[in-house]
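# Observations on chain architecture
This is what each chain is made of:
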Amino acid sequence: MVDYLSNNEENYSVSTGCYSWKASGASKDIVSPVDGAILGSVKLSTEDDYNKVVIKAKEAFPYWSSLTAPERGDIVRQFGDELRNDKNELGKLVSYEMGKSLQEGLGEVQEMIDICDFAVGLSRQLYGLQMHSERPNHRMFEQWHSLGVVGIISAFNFPVAVWAWNAAISWVCGNVCIWKPSEKTPFSAIACQEIFKRVLKKNGLPEGISNVIIGDALIGKLIASDHNINLVSATGSTQMGKSVAQKVAGRLGKSILELGGNNAIIVTQQADLNQAIPAIVFGAVGTAGQRCTSTRRLIVHNEILPDLVVKLENAYAQLRIGNPLSENSHMGPLIDHEAVSLYEKTIDTALREGGELIFGGSKIEGEDYGSGCYVKPTLIRANKTMSIVTKETFAPILFVIGYDDFNEAIQIQNNVPQGLSSSIFTLNLRESELFLSQKGSDCGIANVNIGTSGAEIGGAFGGEKETGGGRESGSDAWKAYMRRQTCTINYSTEMPLAQGIKFKF
Ligand code: UN1
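Residues numbered from 1 in each chain as written. Predicted model: local features only at pLDDT ≥ 70, side-chain atom pairs only at ≥ 80, totals over all residues. Heavy atoms only, no water.

## Quick notes on the site of the ligand
Which entries qualify depends on this criterion: The criterion for a residue being near a molecule or strand is simple. One of its heavy atoms has to lie within 4 Å of it. Pairs of N or O atoms are called polar contacts if they sit within 3.5 Å, as long as, within protein, a hydrogen donor faces a hydrogen acceptor (for residues adjacent in sequence, only side-chain-to-side-chain pairs). Method for areas: the Shrake-Rupley scheme with a 1.4 Å probe, in which residue coverage is limited to the protein chains shown. Classification convention: Asp, Glu, Lys, Arg as charged; Ala, Val, Leu, Ile, Met, Phe, Trp, Tyr, Cys, Pro as nonpolar; all other residues, Gly among them, as polar.
Lining the immediate environment of the ligand, one finds Glu111, Asn157, Phe158, Trp165, Glu258, Arg291, Cys292, Thr293, Ser453, Gly454, Ala455 and Phe461. Between an oxygen atom of the ligand and a side-chain N or O atom of threonine 293, the distance comes to 2.6 Å. A distance of 2.8 Å is found between an oxygen atom of the ligand and a backbone nitrogen or oxygen belonging to glycine 454. In isolation the ligand exposes 320 Å². Once the protein is present, 99% of that is buried. Per-class residue counts for the shell around the ligand are five nonpolar, four polar and three charged.

## Here's the deal with helix 13 (residues 429-436)
Where we set the bar: Throughout this description, buried means an accessible area under 20% of the type-specific maximum (1.4 Å probe, protein chains only), exposed means over 50%, and partly exposed covers the range between. For helices the rule is a DSSP run of H or I covering at least 4 residues; for strands it is a run of E covering at least 2, with both sets numbered from the N terminus onward. Taken from the helix axis, the directions to the C-beta atoms give the arc we talk about.
Every buried residue of helix 13 is listed here: Glu431, Ser432 and Phe435. The buried residues of helix 13 occupy an angular sector of 95° when projected down its axis, which confines them to one face. What points out from helix 13, more than 90 degrees from its buried face, is the exposed set Leu429 and Arg430. Where helix 13 begins, one side-chain oxygen reaches toward the backbone nitrogen of arginine 430, 2.8 Å away; that side chain belongs to asparagine 428.

## What to know about the sheet that holds strand 13 (residues 378-382)
Threshold: In this analysis, strands are considered paired if DSSP registers two or more bridges between them. Between N-to-C directions, angles span 0 to 180 degrees; the directions come from axes that are lines fitted to C-alpha atoms, helices contributing only their stretch in contact. Here, residues are in contact when the closest pair of their heavy atoms is within 4.5 Å.
The strand order across the open sheet built from seven strands is 12-13-14-11-10-16-17, with neighbouring strands paired in mixed fashion. Each end of this open sheet is capped by a strand with a single partner; those strands are strand 12 (356-359) and strand 17 (445-448). In this sheet, neighbouring strand axes are inclined to one another by 25° on average, regardless of whether the strands run parallel or antiparallel. Here helix 12 (residues 406-414) sits on the sheet in contact with strand 10 (263-267), strand 11 (295-301), strand 14 (397-403) and strand 16 (421-425), set at roughly 150° to strand 14.

## With respect to the side chain of threonine 295
If you trace the backbone, threonine 295 turns up in strand 11. Those residues within four positions of threonine 295 in sequence are excluded, and the remaining contacts are Asn263, Ile265, Gly283, Ala284, Ile397, Leu398 and Thr452.

## Digging into the nonpolar core
Our working rule: What is meant by a nonpolar core is a set of buried Ala, Val, Leu, Ile, Met, Phe, Trp, Tyr and Cys residues, joined one to another through side-chain atoms within 4.5 Å.
Phe79, Met112, Trp163, Trp171, Val267 and Leu298 are the most contacted members of the largest nonpolar core, which has 149 residues in total. Sequence-distant contacts of valine 267, that is, excluding residues within four places in its chain, are made with Leu273, Ile280, Leu298, Ile299, Val300, His301, Ile304, Leu308, Tyr403 and Phe425.

## Section: the state of the cysteines
Here is the rule: Cysteine sulfur atoms that pair up within 2.5 Å are treated as a disulfide.
Counting across every chain of the model gives zero disulfides. Cysteine 116 carries a free sulfur, and the closest cysteine sulfur to it, the one in cysteine 192, is 10.0 Å from it. The structure places no disulfide on cysteine 177, whose sulfur is separated from the nearest cysteine sulfur, that of cysteine 173, by 9.8 Å. Overall, the relative accessible area of 1% leaves cysteine 177 in the buried class.

## Looking at the packing of helix 3 (residues 69-98) against helix 4 (residues 102-122)
Condition: Each angle receives one of four descriptions, namely roughly parallel if under 35 degrees, roughly antiparallel if over 145, roughly perpendicular if within 65 to 115, and oblique otherwise.
Two elements in contact, helix 3 and helix 4, have axes separated by 8 Å at closest approach and are oriented at 175°. Looking at the two axes, helix 3 sits roughly antiparallel to helix 4.

## A few points about the pairing of strand 6 (residues 176-180)
Here is the rule: Handedness is read with the strands pointing away from the viewer; a crossover is right-handed when the path from the first strand over the helix to the second is clockwise.
Of all five residues in strand 6, five are buried; the element is thus mostly enclosed. Here strand 6 shows no split at all, with Val176, Ile178 and Lys180 on one side and Cys177 and Trp179 on the other all buried. Regarding the hand of the β-α-β motif, the stretch spanning strand 5 (residues 149-153), helix 5 (residues 161-172) and strand 6 is right-handed. Where strand 6 lies against strand 7 (residues 210-212), three bridges are found, and the strand directions are parallel. Looking at the pairing, isoleucine 178 lines up with asparagine 211 of strand 7.

Next comes the structure, spelled out in structure tokens:
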């Protein structure tokens, strides 16, 4: 980690807010949530800095998009190789800057490597369909062209992986990227840019293929409103997403939105609790409950609820909370003190609304924790009418809700504004198929006997309703990063019109 920071100082001034340009805005200290230490400071970018980055990106686009897709895929392959070499250092930096456990920091870099591999294969599979024309001796097909500049707005909780999902796919599709990472985790972003810069340099490619711009909400607004940005892919809160969506729609631009989740696990009487317990605990406590896929609600059949709660209490009592870089710790801190206040407020509201505290419920202070942002993982017995259970709080708070009838469980699961991830634990085929059916989960992700978090890159990632409807990462999510062109070629000697229209003169 220290190596990255000092390398950066050599090759790239850490105090520059954007790649290749000196940022001219205010300085911001970056504080690690782990121990309250100042990691360094970055200068935030201004509108002027932003405009320079856009020019640089636009200049790089014609050359980059003129390479063949497999040539671009080879550059992404090299990036994946560099990430393999740097996995430990980058994983540590992510863990220290963001506060997730080292295992999860390393997992995040692995997710980057995986999406690079996926994108390399994709670079030879950007298939268009061929259709049968209704006119004789005509050929009709569709093809996919590069879009241009992709603006990527990412959140603090996945400081590197979510960018990589977007960037790796954008690059093989022939686009150039401008990345606005969370200003809470800029050093992880700078490190990624440094690694990719090595690949660009080795291959004599223009720097503007990948750009990082560090700034506050102003930069997000500029990206959303700028007609030079052909696609905006934004990850973050529903509130942020609504503002981005309105600005992009106002200029009829394209966007991919991956916003809040309020993910539930249904545990039926026929669940294998040996599988369910670890999945529930990781889902609720992993990344200190700060994943958009974190498990926030547990919907449990009332007959097994008391037994399940005892098992969960036992599991929670074994969790070790502390420095995420220590292999001993299961859970690190929240991102900052504001997040700790939100955690406390949510618990207060839940208890006021009639919730019952089962476990945890307070922040953790003491010598060992310094000025880190540590909280206890929390279990609250709740009921389906409490309004707090419909809200997303980025914290390790799990609401346990009982149900009697299977359809009621599905209804509780769907009865929130968000629609990202969902799971059921059951060994009953009818229950699992109903959960996956049209009448079942309304989420973008629906799992059976797997928790709500930890999706693989091969699937399309995203969700419905207030989650924003976008899809990133695998499957055919790449189509949103390209423009579709329908082509019809007439190789006859006639000039027939479609729909049988006669037009003779
Ligand atoms: C996010 O929290 O924004 O499925 C992304 C998961 C991770 C990605 C989460 N692969 O939990």
